[in-house]
Amino acid sequence: MAMWQEKEHTKRPCWVQPTVLSAGLKLGRLVSPVFGGPGAMDNRGFQQGCFNSFQSSSSDEDLVDIPGTAMNFSLRDDVPPLDGEIEEDKSYNGGGIGSSTRMMDFLEEPIPGVGTYDDFNTIDWVREKSRDRDRHREITNKSKESTWALIHSVSDAFSGWLLMLLIGLLSGSLAGLIDISAHWMTDLKEGICTKGLWFNHEHCCWDSDQVTFENKDKCPKWNSWSQLLISTEEGAFAYIVNYFMYVLWALLFAFLAVSLVKVFAPYACGSGIPEIKTILSGFIIRGYLGKWTLIIKTITLVLAVSSGLSLGKEGPLVHVACCCGNILCHCFNKYRKNEAKRREVLSAAAAAGVSVAFGAPIGGVLFSLEEVSYYFPLKTLWRSFFAALVAAFTLRSINPFGNSRLVLFYVEFHTPWHLFELVPFILLGIFGGLWGALFIRTNIAWCRKRKTTQLGKYPVIEVLVVTAITAILAFPNEYTRMSTSELISELFNDCGLLDSSKLCDYENYFNSSKGGDLPDRPAGAGVYSAMWQLALTLIMKIVITIFTFGMKIPSGLFIPSMAVGAIAGRLLGVGMEQMAYYHHDWAIFNSWCSQGADCITPGLYAMVGAAACLGGVTRMTVSLVVIMFELTGGLEYIVPLMAAAMTSKWVADALGREGIYDAHIRLNGYPFLEAKEEFAHKTLAMDVMKPRRNDPLLTVLTQDSMTVEDVETVISETTYSGFPVVVSRESQRLVGFVLRRDLIISIENARKKQDGVVSTSIIYFTEHSPPMPPYTPPTLKLRNILDLSPFTVTDLTPMEIVVDIFRKLGLRQCLVTHNGRLLGIITKKDVLKHIAQMANQDPDSILFN
Amino acid sequence: MATPWGGLPRLGASLSLSCLALAVLLLVRTAAAAKNSEDVRCKCICPPYKDIPGHIYNRNISQKDCDCLHVVELMSVREPDIEAYCLRCECKYEERSSVTIKVTIIIYLSILGLLLLYMVYLTLVEPILKRRLFGHSQLIQSDDDVGDHQPFANAHDVLARSRSRANVLNKVEYAQQRWKLQVQEQRKSVFDRHVVLS
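Under an unreviewed UniProt entry, chain B has the name TMEM9 domain family member B and belongs to Myotis lucifugus. Of the comments in the UniProt record for chain B, the one headed Sequence similarities (unreviewed entry) reads "Belongs to the TMEM9 family." You can read under Subcellular location (unreviewed entry) in the UniProt record for chain B the words "Membrane".

As annotated in an unreviewed UniProt entry, chain A carries the name Chloride channel protein and comes from Myotis myotis. According to the UniProt record, the Subunit (unreviewed entry) comment for chain A reads "Interacts with NEDD4 and NEDD4L." Regarding chain A, the relevant UniProt record gives this comment under Sequence similarities (unreviewed entry): "Belongs to the chloride channel (TC 2.A.49) family. ClC-5/CLCN5 subfamily."

Q: Can you break down the UniProt feature "domain: CBS" (unreviewed entry) in chain A residue by residue, with the values?
A: This chain's UniProt record puts "domain: CBS" (unreviewed entry) on residues 689-753 and 785-845 of chain A. Secondary structure content for residues 689-753 of chain A is 37% helix and 23% strand, while the C-alpha to C-alpha distance between its ends is 38 Å.

Q: Tell me about the packing of aromatic side chains, and name the residues and values.
A: Residues and elements named next belong to chain A. Counting across every chain of the model gives 29 aromatic pairs over all chains. Plain terms: the ring middles of Tyr-374 and Phe-672 are 6.3 Å apart, the flat faces sit at 65° to each other, and that makes the pair edge-to-face. Separated by 298 residues along the polypeptide, Tyr-374 in the loop between α16 (361-372) and α17 (378-398) and Phe-672 in the loop between α28 (660-668) and α29 (685-688) bring together distant segments of the chain. This pair shows no difference in class: Tyr-374 is buried, exactly as Phe-672 is. Geometrically, the ring pair formed by Phe-425 and Tyr-605 is tilted, given 5.1 Å between the ring centres and 55° between the ring planes. In this pair, Phe-425 sits in helix α18 (residues 422-452) while Tyr-605 sits in helix α25 (residues 602-618), placing the two residues 180 residues apart along the sequence.

Q: Quick rundown of the UniProt feature "transmembrane region" (unreviewed entry) in chain A? Include the residues and the values.
A: Residues and elements named next belong to chain A. UniProt marks residues 158-178, 243-268, 345-369, 419-440, 460-477, 530-550, 557-576 and 604-629 with the feature "transmembrane region" (unreviewed entry), using the numbering shown here. Here residues 460-477 runs as 83% helix and 0% strand, with 26 Å between its end C-alpha atoms. Within the segment residues 604-629, helix and strand shares are 88% and 0% respectively, and the terminal C-alpha atoms sit 12 Å apart.

Q: Explain empty space enclosed by the protein to me, and be specific about the residues and the numbers.
A: Over the atoms rolls a probe the size of a water molecule, and in doing so it shows where empty space is left. Residues and elements named next belong to chain A. Across all of its chains, the model carries twelve cavities of 30 Å³ or more by this definition. As a volume, the largest cavity reaches approximately 340 Å³. In terms of lining residues, the largest cavity is bounded by 28 residues, among which Thr-186, Val-305, Ser-483, Thr-484 and Ser-485 are the most central. Breaking the lining of the largest cavity down by element, the ones donating at least two residues are α7 (147-188), α20 (478-481) and α21 (484-492). At four residues, the largest contribution of residues to the lining of the largest cavity is made by α7. Here the lining of the largest cavity gathers at least three residues from each of two domains, domain 1 (163-398) and domain 2 (419-668).

Definitions and limits used
Each chain has its residues counted from 1, following the order in which its sequence is written. All chains are assigned letters beginning at A, and all ligands numbers beginning at 1, according to the order in which they are written. Confidence filtering applies because this is a predicted model: local features only for residues at pLDDT of at least 70, side-chain atom pairs given and counted only at 80 or more, and all residues used for totals across whole chains, interfaces and linings. Remark: hydrogens and water are excluded; side-chain values derive from all non-hydrogen atoms of the structure. UniProt positions are given in the numbering used here, feature names are shortened, and annotations may be inferred rather than shown by experiment. Only DSSP runs of H or I reaching four residues or more are called helices, and only runs of E reaching two or more are called strands; each is numbered from the N terminus. Stacked, tilted and edge-to-face are the three classes applied to pairs of Phe, Tyr and Trp rings, where Trp contributes its six-membered ring and a pair requires centres within 6.5 Å; stacked means planes under 30 degrees apart, edge-to-face means over 60, and tilted covers the rest. Exposure is judged per residue with a 1.4 Å probe applied to protein chains only, and the accessible area is read against the type maximum: over 50% gives exposed, under 20% gives buried, and values in between give partly exposed. Here a cavity denotes a set of grid points, spaced 1 Å apart and computed over the protein atoms alone, in which a 1.4 Å probe fits but from which it cannot get out, and a pocket denotes an open set meeting protein on both sides within 12 Å along at least five of seven lines; residues with an atom within 4 Å of a point are reported as lining. Grid points are joined across faces, edges and corners, and a volume is the space filled by probe spheres set on the points. All the domain ranges listed were derived from an automatic or database domain assignment.

Right, dumping it as structure tokens:
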């Protein structure tokens, strides 16, 4: 046991999981019963009771107490430790390492680590932030002493920017890898390039002289599977061979993706944004941003995208970038040890992820600010800006699409729009809102089914079935057969004379010699057939996306949502265009659209529709418009995009309260305290706090009278993740707060490493050891793990204030006092439960356990 | 780093990752420098005009020569129409790096291949090897794992054994087993209990 424990120590600090420990238990190894029992993860609440005696006290006094306590908070937000206790605070804030080394010399870092957190727990932002400030203060003080310390302090200050640079480089390169490989593998479904196996279809015919105007992408070097296998490209048999190969490749890619995810990194599935949102708000999911998740997500994302499923790479790219951020954090002491600082880095990494996904650096920063981040100080804004810049630059220099752009669907038209067109744009906004609400409802219902029924037991079969259906339905229709990004790019495109695709099959008149602006033209037969094909595509995308999002492969929903919107927009746009052409004498048209003028751009409608649908699903506004505007590079279209995004948000909000990410967070029951919603109920802290009226007493520790055995009994009998420390049970005056994990670790270490500590040793949390009669066993001082500045509110504090405190400071728990005596405790989960209860939801379904 | 054992491998792993990123970037730069002739093109698209059909022309030509007169074959066009025809053509100069594409695809395929091999090893080969090495008695011992026929099911076992020996080589095995346990736990929470990511 000792040897194993030793190894555990030396190998990797702060990364021991309950799994390892319970594995130890399973094998009958000697693990102390208090050490990481199955209940270690379970911190449903703290203890209870003991306020019967206070109930009779007069309410007048209570009212006086409230303003005092409230002021106390506002001060504490800015001023970290109390001035008089800086010395002590330092030792405790530094993770308790300083003074514990004196006791246990050979143990430099406490092993699972005092000041770290269990899996599926919430971090304490206040504690982490004050730890960082202490660390910073220490480095600044030392820097005056020697040159080396000065260099150390400079490098420490610089490390944040260096980290951003590395994140940008790494996520940009990975995005380039994903783009190039996904493009190649998508085309592999249709054929192969004989000139060089690594070229995709477009690059295969890149320098060919034999491409024709009608068949832009046909060249002799590109061989479809029918050409290779049965050496013909005409006829029904060739079609069947191609069809068969298409489905086969799709199934193979999907199967590889889901089995890699299942074997190596189950956390790599899904889009990742709901989880990253939760992690950024302070939740801990160990391994979610680890090396294996990164590798598997990158590799399987390519497979998933190229299997032709209705999913995109944008959401997973955010996860990939966050993994990069988390892994690179390990290089820097400043970020490795501090969960709050690390979350600042992850916010910036999320920005870099969106920056490379859409080629929109500013949009990425705003996305991080609006959608994912929880705590976003100005410093993080600048760092995100820098990371997004570096990432975009890296991707640009890789030039994955060979068009000097960062995305496939870049738009380049600048035709003006007329005020009247706001009406169809708002219609598109309404459509987007409806789609968003419909998608969220049905997708959540389906995911709930997957979560609760037998369906969830067969992830591989589910993926294969959905892939088979998608591939079989997709091949006959050319708009579903091509990759969704290409489809969007074609829909965004404004038809010029140079385009020979079906969608641009207008009847041309060659009476104008201008090369540039084309007047509105009557649609040709190709446009009509494209229209009904697109309508079929729309229906199929709508249905299949609902079942695809949430499967156990990496899947984002930006691209499918945008595709739905772009198709709807294009249909409406072409409709408007034809109406304007045939009925230009109508009152609505004749003022601004004379015959032979170019009034309506269907590509713009597609763009607005895409923005509306994306907005309806994710409920983004500002970042969405900025992303779309960075895609188009035209300032003219900001107002249409804003109108559509706003309308779709209104419509979607009216039909369903939350966006897709929040809905998934709620479905999984992550402890996420939404910062956007107001809490407007008139309840008081005492209505929420534990213990409730009929519960047993609140479990407390006394500062200098409990023995090691007493404390161990308390630990093993309860599952609470922390205990308040009081002066004595009679007075119940609060001294501080101690975390279960820290307590377990410290006692375990003391028993092993410190001479003479036995079950009857007294544990004390005071500055000096209590007077002891002679011949008693040595005492154990645990002041270093005691949080001397726990948050307290009085029992009559309104809950809206308490919720605000939890939200803004990122608290984990808050103690409730009455006349200065400890009465109870409110944890983050109690707050979440209470909010759910007030919103008439089932409080037990909300919480993570 | 605070602890030599815990910090260094982690630092090494992260540094190697960032080195990879830098290497990719450098590669791209050098690839761009050693531009081979087939990596630039001037592409002119000429729409149909009167009775002349539409055409797409690709030429390896320097950027300054990328215009209709240098690229498009104007032999078939009658003299008075040349100007009108050329006005409608759109010429674009484009660059790509075929080396980047080639290297990226090779890197991707080799990583994918390695992962697949490892996956096959873990799911098919290793259980057979373990059964042959440790015999039947081992399997009975880990009673509660028998029902679990997923890969890594014997991780608890090996973890327990590797604890007793402590040499450098075992550390690798130990790390591997611990990783397996983590994956097993993740798999349980995602696929069996459905607590995360559903």
